[in-house]
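Structural overview
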Amino acid sequence: MAGRIVVPFGPQHPVLPEPIHLDLVLEDERVVEAIPSIGYVHRGLEKLVEKRDFKDFVYIAERICGICSFTHSVGYCKAIEAIMDLQVPERAQYLRTIWSEYSRLHSHLLWLGLYADAMGFENLFMNAWRIRETILDAMEETTGGRVIQGVCKVGGVRRDISDAKLKEMTAKLDSIGGEIEDLCHVFFDDASVKHRSVGVGMLSKEDAHKLGAVGPVAKGSGIALDLRQTGYSAYGSLDFKPIVETGCDCYSRCIVRAKELAQSVDLIKQAAANIPAGDIEVKVKGNPDGEYFSRVEQPRGECIHYVKANGSKNILRERVRTPSSANIPPLVKMLEGCQMADVPVIVLSIDPCIGCAER
Amino acid sequence: MSGLTKSPWIIHYDASSCNGCDIEVLACLTPLYDVERFGILNTGNPKHADIFVVTGSVNEQNRQVIKNIYDQMPKPNVVIGVGICACSGGVFKECYNVAGGVGQVIPVDVYVPGCSVRPEQIIDGVVKALGILEEKRAAFAAESKKGTDTGANADAKKDGGN
Ligand code: SF4
């Protein structure tokens, strides 16, 4: 038997835009064990609730992660609104849904690009990011920010989108529909993509369940877990089904995300068609008192914001459980027994967002 | 030497950024902004890099990593702090695990403020950094010439190198 060697992977590594460190225990080319160590981007922002009042904390919540920024602010605001019993106007709920789905589009396109890059498929990477710029343009036109938007606030949203603009946005989505389809077609059918990802990084349905996988990792292993089905924001009035694949490998996780692109476009169109007229915010009076678990579906899966408040302007405790931290134990499982050369692809297949995971 | 400043290679490290600035750094490389057409390449290897782009702020865990990458880069080089986090700690300044901007660990030549920074600003920062790199190179060349003349590199000269 070959001797064991330990290969360090990260924190600075060409395939990772973000720092995570893995100690890979190898027997020849086979990974026997992967030991993650984190903490490179821990900021300790949950404790900032003691210094910022509950309305200002939305800015901080948004900067937990620059990719899921909008959905983080929705999660936090939803918790405060539930504690204070605020009735957020319907129009604001729809706008939140639209921007959430735009975030998902931009996040998934970003991921598909990075995944292609990890496979060494540079052309595909560039194409995914080229399409993503269209989505970011729409974000910028409607909110003012490309990746950090700052439009969600306790009690509603800060900006409205005019009906004419909504029409323009859906028309734009229609016009890039073909490009998205072409892109997905490569991920579905291309021989080199399949070669790198089919049967790689297996995570059985039982393991996914036991280890608490969320989002596309769970969906790729046959678990239909999609928090949007709980009907928060305006999802309750829209028609969609979670996308589930049963291959349990990197390929399935990739397919889930590619198919979610079309789903997001469809959700935006539905929301744009049904959006009611009216206010976009309610007045917030007083301070929150109570506690609430708010769950939202981010591009990477279920995210929990727990808020506990005692009636003062600073809340007592904010706890965030982000999808990437939930997906690290499944990742360790996937890496067991894989080939060294597959490690980058497998690590990326959970769409790790270390900024979220460590906060 | 000036040929190198026309095609500078960049290494990017995410100190403790929220990702917002990182993805904007990456966006600079992709078709809309495409800095590769100017010869600017992103490399993962510190020993190949001329420009060190750091996003995010410093904490105890990554302090050494930043230093290691910087020490491995060939000199002269330039460091760009991208995002308000890298400048001062930004919105996270008061967090218990944030020591402040990147300037605390390594000398920074260009700061690009913004939260999140726009790709145009990053490119602008890189262009500014190129000017500084050029100056540093000139100074470095003058310095090593002086060294050669005083005989410090006499052996190398004898072998035909410089
Ligand atoms: S400057 Fe803003 S966007 Fe950039 S890393 Fe810091 S918090 Fe994120």
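See the structure shown above.
These numbers were taken from a predicted model, which means no experiment stands behind them. (Residues numbered from 1 in each chain as written. Chains lettered and ligands numbered in written order. Predicted model: local features only at pLDDT ≥ 70, side-chain atom pairs only at ≥ 80, totals over all residues. Heavy atoms only, no water.)

1. Re the overall build of chain B
- Scanning chain B from terminus to terminus reveals six helices and five strands.
- Secondary structure elements of chain B, listed N to C terminal, follow the sequence α-β-α-β-β-α-β-α-β-α-α.
- Per element, the accessible surface of chain B, about 7200 Å² overall, is 55% carbon and sulfur. (Helix = DSSP H or I, 4+ residues; strand = E, 2+ residues; numbered from the N terminus. Areas by Shrake-Rupley, 256 points an atom, 1.4 Å probe, with all protein chains shown as cover.)

2. With respect to the overall build of chain A
- Scanning chain A for helices and strands turns up twelve helices and eight strands.
- Over its C-alpha trace chain A gives a radius of gyration of 20 Å, about what one expects of a compact globule, namely 21 Å for 359 residues.
- Taken over the C-alpha atoms alone, chain A extends approximately 70 × 45 × 35 Å along its principal axes.
- Each of the 359 residues in chain A was classed as buried or not, and the buried ones make up 62%.
- Counted over contacts in chain A with a minimum sequence separation of 6, partners at least 24 positions apart contribute 69%.
- Accessible area for chain A stands at about 12900 Å²; split by element, carbon and sulfur atoms hold 50% of it.
- Here chain A contributes 43 positive and 49 negative side-chain charges, whose respective centroids are spaced 5 Å apart. (Rg over C-alpha atoms; globule rule 2.2 N^0.38 Å. Buried < 20%, exposed > 50% of the residue type's maximum accessible area, 1.4 Å probe, protein only. Contact = heavy atoms within 4.5 Å. Lys, Arg positive; Asp, Glu negative; His and termini not counted. Charge placed at Lys NZ, Arg CZ, Asp CG, Glu CD.)

3. Overview of the interface of chain A and chain B
- Listed per partner, the contact involves 39 residues of chain A and 38 residues of chain B.
- Between chain A and chain B, roughly 3200 Å² of surface is buried when both sides are summed, and carbon and sulfur atoms account for 62% of that area.
- Counting across the interface, chain A meets chain B through two salt bridges.
- Counting across the chain A and chain B interface gives six residue pairs in polar contact (both at pLDDT 80 or more).
- Counting only elements with at least two residues in the side of chain A that touches chain B, the list comes to helix 3 (90-119) and helix 4 (122-143) of chain A.
- Among the elements that make up the side of chain A that touches chain B, the one with the highest residue count is helix 4 of chain A (seven residues).
- Residues of the side of chain A that touches chain B, tallied by class, amount to 21 nonpolar, seven polar and eleven charged. (Buried area = accessible area lost by both parts, 1.4 Å probe. Salt bridge = Lys/Arg side-chain N within 4 Å of Asp/Glu carboxyl O. Polar contact = N/O pair within 3.5 Å; in protein donor to acceptor, adjacent residues only side chain to side chain. Nonpolar A, V, L, I, M, F, W, Y, C, P; charged D, E, K, R; others polar.)

4. Re the sheet that holds strand 3 (residues 51-55) of chain B
Residues and elements named next belong to chain B.
- A sheet is described by the order of its strands in space; here five strands give the open sequence 2-1-3-4-5, paired in parallel fashion. Edge strands, defined here as strands with exactly one partner in the open sheet, are strand 2 (41-42) and strand 5 (110-112).
- Here five bridges tie strand 3 to strand 4 (residues 78-82), and the two strands are oriented parallel to one another. Note on strand 4: the bridge partner recorded for Ile-51 is Val-78.
- Contacts from helix 2 (residues 20-27) reach strand 1 (9-14), strand 2, strand 3 and strand 4, with the element oriented near 145° to strand 3.
- Of the strands in this sheet, strand 1, strand 3 and strand 4 are in contact with helix 3 (residues 60-72), which crosses strand 1 at around 170°. (Pairing = 2+ DSSP bridges. Axes fitted to C-alpha atoms, helices over the stretch in contact; angles between N-to-C directions.)

5. Section: the pattern of salt bridges
- What the rule picks out here adds up to 30 salt bridges over all chains.
- Here A:Asp207 and A:Lys333 are joined by a salt bridge, their closest N and O atoms 4.0 Å apart. You can see A:Asp207 sitting in helix 7 (residues 205-210) and its partner A:Lys333 sitting in helix 10 (residues 323-335), a full 126 residues away along the chain.
- Residues B:Asp71 and B:Lys67 are paired through a salt bridge, measuring 3.6 Å at the closest nitrogen-oxygen approach. A residue pair is termed a helical-turn pair when its members lie 3 or 4 positions apart in one helix, as B:Asp71 and B:Lys67 do in helix 3 at four residues.
- Here B:Asp71 falls in the partly exposed class, since its relative accessible area comes to 46%.

6. What about unusual backbone geometry?
- The omega torsion across B:Lys75 and B:Pro76 is 0°, close enough to zero to call that bond cis.
- Looking at the secondary structure, you find B:Pro76 in the loop between helix 3 and strand 4.
- Cis geometry marks the peptide bond from B:Cys115 to B:Ser116, where omega comes out at -10°.
- With respect to the helices and strands, the residue B:Ser116 is situated in the loop between strand 5 and helix 5 (119-149).
- Positive phi, normally seen in glycine, also occurs at A:Asp85, with a value near 60°.
- Mapped onto the secondary structure, A:Asp85 falls in the loop between helix 2 (69-84) and helix 3.
- Judged by relative accessible area, which is 60%, A:Asp85 ranks as exposed.

7. Notes on the packing of helix 3 of chain A against helix 4 of chain A
Residues and elements named next belong to chain A.
- Remark: helix 3 packs on helix 4, axes separated minimally by 8 Å, with the N-to-C direction vectors making an angle of 160°. By the angle class used here, helix 3 and helix 4 are roughly antiparallel. In the packing of helix 3 onto helix 4, the handedness of the crossing is left-handed. (Parallel < 35°, antiparallel > 145°, perpendicular 65-115°, else oblique. Left-handed = near helix turned anticlockwise from the far one by under 90°.)

8. As for the site of the ligand
- Near the ligand, the surroundings consist of A:Arg63, B:Ser17, B:Cys18, B:Cys21, B:Gly83, B:Ile84, B:Cys85, B:Phe92, B:Gly114, B:Cys115 and B:Ser116.
- Close to the ligand, residues of chains A and B are found.
- The residue inventory of the shell around the ligand, partitioned by class, reads six nonpolar, four polar and one charged. (Near = heavy atom within 4 Å.)

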